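# Analysis of the macromolecular model
Here is what each chain is made of, one letter per residue.
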Amino acid sequence: MLTTRPAHRPARPARRLPRRRAGRGLALVLATPLLAACASASVLDLKVGDCLQLPTASQATTITSAACTSSHEAEVSALVPTDPQDADAAFPGEQALSAQAETACVDSFEGYVGTPYLSSNLDVTWLTPTQSSWAEGDRTIVCLVHAMDAQTLTSSVKGSGL
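Residues numbered from 1 in each chain as written. Predicted model: local features only at pLDDT ≥ 70, side-chain atom pairs only at ≥ 80, totals over all residues. Heavy atoms only, no water.

Under the annotation held in an unreviewed UniProt entry, the protein carries the name Septum formation-related domain-containing protein and is attributed to Schaalia hyovaginalis.

Below is the structure:
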């Protein structure tokens, strides 16, 4: 399942940039395996470089995958271990995970896209574990790069300099 979470585009010293549309953070929960006959992928099976459609519902267990050369809304740019990683650790909460995700996804942006986040035409969002997926051992934040204002992409953003 995914839960929509607001993301804030950071300014240089502060953590937001009012001239840009804020991205969305999404919460990730335990999902079913990839279905071979469908274009749906488990949120737990995403890999860096995967292209996908962003979910429209506030909760989902799968993502609609897409070829990066066809119309898509986002691309996985990083997989980041959560803090804490310990299997016995208590769920840190949605707000704490979202803060970790914002920092990690913005920090990894330039290395993936090839241009600084603040000067890019792209934005970030993320998938984070939910309380139920955390209980099942989910400890990964998935960073996603997407176009501004719900525009679609038709090629990979990796190294694009957009």
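## A short note on the side chain of D138
Considering the arrangement of structural elements, one finds D138 in the loop between helix 2 (131-135) and strand 8 (140-147). Put simply, D138 is tucked away with no salt bridge, and the nearest opposite charge, on R139, sits 6.7 Å away. Of the polar contacts made by the side chain of D138, one reaches the backbone nitrogen of T140; its length is 3.4 Å. (Helix = DSSP H or I, 4+ residues; strand = E, 2+ residues; numbered from the N terminus. Buried < 20%, exposed > 50% of the residue type's maximum accessible area, 1.4 Å probe, protein only. Lys, Arg positive; Asp, Glu negative; His and termini not counted. Salt bridge = Lys/Arg side-chain N within 4 Å of Asp/Glu carboxyl O. Polar contact = N/O pair within 3.5 Å; in protein donor to acceptor, adjacent residues only side chain to side chain.)

## With respect to the pattern of salt bridges
What the rule picks out here adds up to one salt bridge. Notably, a salt bridge pairs K47 with D50, separated by 3.6 Å at the nearest N-O pair.

## Quick notes on the state of the cysteines
Formally, a disulfide is one covalent bond, and it connects the sulfur atom of one cysteine to the sulfur atom of another. Taken as a whole and assessed by the stated rule, the structure comprises two disulfides. Two residues share a disulfide in this structure: C51 and C68, whose sulfurs sit 1.8 Å from each other. The sign of the S-S torsion, about 95 degrees, decides the handedness of the disulfide formed by C51 and C68: right-handed. Here C68 lies in the loop between strand 5 (62-66) and strand 6 (74-81) and C51 lies in strand 4 (residues 51-53), a separation of 17 residues in the sequence. The residue that forms a disulfide with C105 is C143, at a sulfur-sulfur distance of 2.1 Å. Handedness of the C105-C143 disulfide follows from its S-S torsion of about -85 degrees: it is left-handed. Note that C105 is positioned in helix 1 (residues 94-113) and C143 in strand 8, a separation of 38 residues in sequence. Judged by its relative accessible area of 0%, C143 falls in the buried class. (Disulfide = S-S within 2.5 Å.)

## Side note on the packing of aromatic side chains
Tallying each qualifying case throughout the model produces two aromatic pairs. Pairing F91 with W134 gives two aromatic rings, centres 5.9 Å apart and planes at 70 degrees, and the pair type is edge-to-face. In this pair, F91 is assigned in the loop between strand 6 and helix 1 and W134 in helix 2, connecting sequence segments 43 residues apart. A residue is classified by how much of its surface remains accessible, and W134, at 3% relative accessible area, is buried. Here F109 and Y117 contribute two aromatic rings whose centre-to-centre distance is 5.1 Å and whose plane-to-plane angle is 75 degrees, an arrangement assigned as edge-to-face. By relative accessible area, Y117 is classed as buried at 6%. Cation over ring: R139 sits above W134, and NZ or CZ is 3.8 Å from the ring centre. (Phe/Tyr/Trp six-rings, centres within 6.5 Å; stacked < 30°, edge-to-face > 60°. Lys NZ or Arg CZ within 6 Å of the ring centre and 35° of its normal.)

## A closer look at the confidence of the model for the protein
Note that predicted coordinates carrying low pLDDT should not be read in detail. Of all residues in the protein, 74% have pLDDT values of 70 or greater, and the mean over the chain is 78. Highest mean pLDDT in the protein belongs to strand 6 (97); lowest belongs to strand 1 (residues 2-6) (38). Long-range and interchain partners of residues 1-25, a stretch whose pLDDT sits below 50, account for 95 contacts in this model, where long-range means more than four residues apart. Note on residues 27-38: pLDDT is under 50 here. Beyond four places in sequence and across chains, it has 42 contacts. (pLDDT = per-residue confidence, 0-100. Contact = heavy atoms within 4.5 Å.)

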